[in-house]
Amino acid sequence: MIHEKYYELLKKQEDLITRPNKKTGFYNGIYDRYAYPVLTRDHVPITWRWDLDKDSNPYFMERLGINAVMNSGAIYLDGKYYLVVRIEGNDRKSFFGTAVSDNGIDNFRFTGSPILLDDTCPEETNVYDMRLTKHEDGYIYGVFCSESKDTSVNDLSAAVAAAGIVRTKDLITWERLDNLKTLRSPQQRNVCLHPEFVDGKYAFYTRPMDDFIETGSGGGIGFGLSESIEHAVVDEERMTSIRRYHTITESKNGAGATPIKTDRGWIHIAHGVRNTAAGLRYVIYAFATALDDPGRVIAEPGGLLIGPRGDERVGDVSNVVFTNGAIVNEKDEVFIYYASSDTRMHVATTTMDKLIDYVFNTPADALRSVDCVKQRISLIEKNNALLNS
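Everything in this summary refers to the structure shown in the same document. No experiment lies behind these values; they were computed from the predicted model shown.

It is worth spelling out the pattern of salt bridges at this point. Tallying each qualifying case throughout the model produces 21 salt bridges. Close ionic contact of E312 with R33 constitutes a salt bridge, the shortest N to O distance being 2.8 Å. Taken together, the positions of E312 in the loop between β22 (297-299) and β23 (321-328) and R33 in strand β1 (residues 32-33) put the pair 279 residues apart, joining distant regions of the chain. E88 serves as the salt-bridge partner of R86, at 3.7 Å between the closest nitrogen and oxygen. Accessibility assignment for this pair places R86 and E88 in one class, buried. Members of the salt-bridge network, linked through shared partners, are R86, E88 and D129.

Structure follows, in structure tokens:
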């Protein structure tokens, strides 16, 4: 017998899922923010969390609870918006689930069951933060963080990060490939696959790391080539968007959404991290690389694109926004999916025209306060001339 409480919770969940999203009053001319998260832990199907059987679960306890839903890859297929999202259980283990929407801003519903990856890595404990790439070879690839315990030290919090790779053609059946090997970097996180071949090879945006948390000698977002995808190996990683002192990328930075191709270059939406008195602050920024050399930066607007604001800030990691997924539809509308506070997913929307304008016409970081003031004075003088004309 199905517990009667199930129908009560199902009604509440349906009200949540079908609630129309709406633009907030936020304005910067670049993008629109939306009032409600597109996915939260409360969107996860009840059948993924509860035993509905009244005999075996008379108190209708949540047997397999969910703590957070965040950091989703994103892809546009057959006119629908798909998110492959990181779902973190109450036990800290993360797994992937697929949610789909007709309009990209609300009514996201999880489909089927959680994604069961091939169990090819006995040492792997946790997986999370998948980037999705529709590659010109015909496959959709997911590149994610594969986390294992660091057995070289006697520390239960020490971990090793690698880039896991899967591929699919339908977002239902997934094939696990070998983890990416980077011959000159001991650990990797925030790895993204470029959507086209470069010199006949698979191209990866990497984040070289000395250990699980610290980038150490890692200078920024790397770029490297591999002959194979089934057994991906990158030798040399050259830096694209680099870390710089006293900027939003001072502590570390990492690739986010799959690069967006425009007639002026590849636009990247990434994350930058710096230290504050309240801990690490994660923000989202953008840059562009050359069409003929996707590892060479040609434009990098100064400052952040999206930062933590308002109701998006909750809990003990409220100074965090993070993205690893964006979509461009056939109308050249852009949907940037980002997590806030390591708990839930939001969306910001813009257009290709606006995004190109922002990336290529916004001044770069002048890197020194005196030069930043000169930029502002120049802008003020221009505006005063207009206002007084």
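Right, let's talk about the pairing of β23 for a bit. The buried fraction of β23 is high, at seven of eight residues. Bridge count between β23 and strand β24 (residues 333-340): seven bridges; the pairing is antiparallel. Along β24, the bridge assignment pairs G325 with Y337. What sits between the antiparallel neighbours β23 and β24 is a turn of four residues, in which D332 has the positive phi angle 60 degrees.

In this structure the tally under the stated criterion is zero disulfides. Cysteine C121 shares no disulfide, and the gap to the nearest cysteine sulfur, in C145, comes to 12 Å. For C121, a relative accessible area of 11% gives the class buried. Cysteine C192 shares no disulfide, and the gap to the nearest cysteine sulfur, in C145, comes to 14 Å.

This part is about helix α1 (residues 5-18). Here α1 contains 14 residues, and its C-alpha end-to-end distance of 20 Å stays within 8% of the 20 Å for a straight helix at 1.5 Å per residue. Where α1 is concerned, the buried positions are Y6, L9, Q13 and I17. For α1, the buried positions fall inside an angular range of 75 degrees around the axis, keeping them on one side. Facing away from the buried side of α1, by more than 90 degrees, are the exposed residues K11 and K12. Where α1 is buried, its residues meet β5 (109-110).

A few words now on the packing of aromatic side chains. Applying the stated rule across the entire model yields 14 aromatic pairs. With a centroid separation of 6.3 Å and an interplanar angle of 70 degrees, the aromatic rings of Y141 and Y202 are classed as edge-to-face. You can see Y141 sitting in strand β7 (residues 140-149) and its partner Y202 sitting in strand β13 (residues 202-206), a full 61 residues away along the chain. By relative accessible area, which is 0% here, Y141 ends up buried. Members of the aromatic cluster, connected to one another through ring pairs, are Y139, Y141, F197 and Y202.

A separate point is unusual backbone geometry. The phi torsion at D78 lies on the positive side, around 50 degrees, for a residue other than glycine. Within the secondary structure, D78 sits in the loop between β2 (66-77) and β3 (80-89). On the basis of relative accessibility, which here comes to 82%, the residue D78 falls in the exposed class. With phi around 55 degrees, D199 is a residue other than glycine that occupies positive phi space.

By size, the foremost hydrophobic cluster in this structure holds 25 residues, and its most contacted members are Y31, I267, I284, L305, I306, V359 and F360. Looking at this core, the elements that each hand over two or more residues are β20 (266-276), β21 (279-289), β23, β24 and α2 (352-361). In terms of residues, this core owes the most to one element, α2, which gives six residues. Residues in contact with I306, not counting those within four places in the same chain, are Y31, R33, V283, I284, V321, I336, Y338 and A348.

The strands that make up a sheet pair up through hydrogen bonds in the backbone, lying either parallel or antiparallel. Read from one edge of the open sheet, four strands run β1-β25-β24-β23, paired in antiparallel fashion. This sheet does not close on itself; its edge strands, each paired only once, are β1 and β23. As paired strands, β24 and strand β25 (residues 344-351) are joined by eight bridges and run antiparallel to one another. Following the sheet pairing, Y337 is matched in β25 by V347. Packed onto the sheet, α2 meets β23, β24 and β25 and runs at close to 90 degrees relative to β25.

Turning our attention to the side chain of H268. Mapped onto the secondary structure, H268 falls in strand β20. Within polar-contact distance, the side chain of H268 engages the side chain of T289 at 2.8 Å. Excluding its chain neighbours within four sequence positions, the residues that come into contact with H268 are Y205, P259, Y285, A286, F287, A288, T289 and P294.

The four strands lie next to each other as β6-β7-β8-β9, forming an open sheet whose pairing is antiparallel. Both edges of this open sheet fall to β6 (124-134) and β9 (175-177), since each of them pairs with a single strand only. On average, each strand axis in the sheet is tilted by 30 degrees relative to the strand beside it, whichever way the strands run. Here β7 pairs with strand β8 (residues 159-168) via 10 bridges, running antiparallel. Residue pairing across strands places V143 opposite I165, the latter belonging to β8.

Before going further, it helps to spend a moment on a nonpolar patch on the surface. Residues I2, Y7 and L10 make up a contiguous nonpolar surface patch of about 270 Å² in total accessible area. Among the secondary structure elements, Y7 is positioned in helix α1. Residue Y7 is classed as partly exposed on the basis of its relative accessible area, which comes to 47%.

Conventions we followed
- Residues numbered from 1 in each chain as written.
- Predicted model: local features only at pLDDT ≥ 70, side-chain atom pairs only at ≥ 80, totals over all residues.
- Heavy atoms only, no water.
- Salt bridge = Lys/Arg side-chain N within 4 Å of Asp/Glu carboxyl O.
- Helix = DSSP H or I, 4+ residues; strand = E, 2+ residues; numbered from the N terminus.
- Buried < 20%, exposed > 50% of the residue type's maximum accessible area, 1.4 Å probe, protein only.
- Pairing = 2+ DSSP bridges.
- Disulfide = S-S within 2.5 Å.
- Expected span 1.5 Å × (residues − 1).
- Arc of directions from axis to C-beta.
- Contact = heavy atoms within 4.5 Å.
- Phe/Tyr/Trp six-rings, centres within 6.5 Å; stacked < 30°, edge-to-face > 60°.
- Core = buried A, V, L, I, M, F, W, Y, C linked by side-chain atoms within 4.5 Å.
- Axes fitted to C-alpha atoms, helices over the stretch in contact; angles between N-to-C directions.
- Polar contact = N/O pair within 3.5 Å; in protein donor to acceptor, adjacent residues only side chain to side chain.
- Patch = residues over 30% accessible without salt bridge, like charges linked within 9 Å, V, L, I, M, F, W, Y side chains within 5 Å.
- Areas by Shrake-Rupley, 256 points an atom, 1.4 Å probe, with all protein chains shown as cover.

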